[in-house]
There are 2 protein chains.
Amino acid sequence: MAALDNIDLKILQFLQANALMTNKEIAARLNLTTTPIHERIKRLESEGVIEKYTAILNKSKLGKSLVVLVDVTLKEHAASFLEQFEKDVLLLPEVVECYCISGGSDFLLKVLVRDMDEYRHFILHKLATLSNIGNAQSRFVVNEIKSQTPVPIEVI
Amino acid sequence: MAALDNIDLKILQFLQANALMTNKEIAARLNLTTTPIHERIKRLESEGVIEKYTAILNKSKLGKSLVVLVDVTLKEHAASFLEQFEKDVLLLPEVVECYCISGGSDFLLKVLVRDMDEYRHFILHKLATLSNIGNAQSRFVVNEIKSQTPVPIEVI
DNA sequence: TTTGAAACTGATAATGT
DNA sequence: ACATTATCAGTTTCAAA
């Protein structure tokens, strides 16, 4: 992969701030024409620097107002158990982020739900039913100072 | 704000999966013409359901391979101290997510840096220099199972 | 690698059902 | 609230510097 120069980095900044910014406007801001912008963006896409373009949605306007961080500890730690948990958790739409971490617990989950009722249902009927769950400690998000994560959408 | 119907929700799903999907393709998938798609998207934007469109970038290809979750406890908890910390942390580009939480600590930070050297510098010369920091406990991300967060880009 | 221009495609607005 | 049509703006491609 070719190293990224400053023009690439600025293009990435612009597209991260607004994925719909036109090649024309990017070109104008960088004192170039649209062709090099277009070619660089295509290159950044094909090299995987740009993974995708997404719409950032408002959680609460989609009825998902409760964010909970869950520290999960497994009972068994053999590789196969870790992998099974990772597979299982990927299938839960409420889990919008999941990290395998060092330290006290094994995983940190970011869970997005409508309200406390839905969270109770998630814990009792979804998370706790996974095999190999040892301990799950919930911490509720009081205020989101910085964050931009996808929102799960269930079409009825 | 008008309630969202299933067509709205599907449009949101499509745009979350790919912000560059054309009105034409969305229309085809929903058996409609481009006009209602266009009008609905404009409405969703103006109502703030769609907050922005962004490019998802590959962290490691941008030289940010180390993700650390930091539990921060403050010394003083009066409202003014909390607000000051929130203001301060917004100015740190390494902090890509920040939550005020219930439970053991006061804040959880997601920090994105190049490597351990850069992390040491962040802790010693940036986080620890903020006033009112009581305790900061780091947990390193071993594996990211799910996540899509913006990457800070510094143009040289 | 970039420019400039030409061909193509999608976004947008007006009109009608 | 949606379909059709017409116009406009952006993307995309290519010859040439």
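This structure is a prediction, so every number in the text was calculated from the model and none was measured.

Calculation criteria
Residues numbered from 1 in each chain as written. Chains lettered and ligands numbered in written order. Predicted model: local features only at pLDDT ≥ 70, side-chain atom pairs only at ≥ 80, totals over all residues. Heavy atoms only, no water. Near = heavy atom within 4 Å. Polar contact = N/O pair within 3.5 Å; in protein donor to acceptor, adjacent residues only side chain to side chain. Helix = DSSP H or I, 4+ residues; strand = E, 2+ residues; numbered from the N terminus. Nonpolar A, V, L, I, M, F, W, Y, C, P; charged D, E, K, R; others polar. Contact = heavy atoms within 4.5 Å. Buried area = accessible area lost by both parts, 1.4 Å probe. Salt bridge = Lys/Arg side-chain N within 4 Å of Asp/Glu carboxyl O.

J.: Could you give an account of the protein's contact with DNA strand D, with specific residues and numbers?
T.: Residues in contact with DNA strand D, as listed here, are A:Thr22, A:Asn23, A:Lys24, A:Thr34, A:Thr35, A:His38, A:Lys42, B:Leu32, B:Thr33, B:Thr35, B:Pro36 and B:Arg40. Atoms of DNA strand D within 4 Å of the protein belong to the sugar or the phosphate in 72% of instances, the rest to bases. The separation between a phosphate oxygen of DNA strand D and a polar side-chain atom of A:Lys24 is 3.0 Å. Between DNA strand D and B:Thr35, the relevant distance is 2.8 Å, taken from a base oxygen to a side-chain nitrogen or oxygen of the residue. Listed by contribution, the elements that provide at least two residues to the surface near DNA strand D are helix H2 (23-29) and helix H3 (34-46) of chain A together with helix H3 (34-46) of chain B. The element contributing the most residues to the surface near DNA strand D is H3(A), with four residues. Split into classes, the residues belonging to the surface near DNA strand D amount to two nonpolar, seven polar and three charged.

J.: Can you lay out the side chain of A:Arg139 for me, pointing to particular residues and giving the numbers?
T.: In this fold, A:Arg139 is placed in strand S5 (residues 133-146). In terms of polar contacts, A:Arg139 uses its side chain to reach the side chain of A:Asp71, at 3.3 Å.

J.: Explain the interface of chain A and chain B to me, using residue names and the numbers behind them.
T.: Accessible area lost during the coming together of the parts is what is often quoted as the interface size. Contacts between the two partners involve 64 residues from chain A and, on the opposite side, 64 residues from chain B. Carbon and sulfur atoms make up 58% of the surface buried where chain A meets chain B, a total of about 6,000 Å² over both sides. Three residues stand out in chain A for area buried against chain B, namely A:Gln16, A:Ile145 and A:Lys146, and they jointly supply 14% of the buried area on that side. Our count for the chain A to chain B interface comes out at four salt bridges. Here B:Lys110 makes a salt bridge to A:Glu97, at a shortest N to O gap of 3.6 Å. Our count for the contact surface shared by chain A and chain B stands at 45 residue pairs in polar contact (both at pLDDT 80 or more). Residues belonging to the side of chain A that touches chain B are distributed by class as follows: 36 nonpolar, 15 polar and 13 charged.

J.: Any chance you could break down the protein's contact with DNA strand C for me, citing the residues and the numbers?
T.: In the neighbourhood of DNA strand C, the contacting residues comprise A:Leu32, A:Thr33, A:Thr35, A:Pro36, A:Glu39, A:Arg40, B:Thr22, B:Asn23, B:Lys24, B:His38 and B:Lys42. The sugar-phosphate portion of DNA strand C accounts for 77% of its atoms within 4 Å of the protein, the bases making up the rest. Here a phosphate oxygen of DNA strand C and a side-chain polar atom of A:Thr33 are 2.5 Å apart. Only H3 of chain A together with helix H2 (23-29) and H3 of chain B provide two or more residues apiece to the surface near DNA strand C. With four residues, H3(A) is the largest single contributor of residues to the surface near DNA strand C. Its residues placed into classes, the surface near DNA strand C shows two nonpolar, five polar and four charged.

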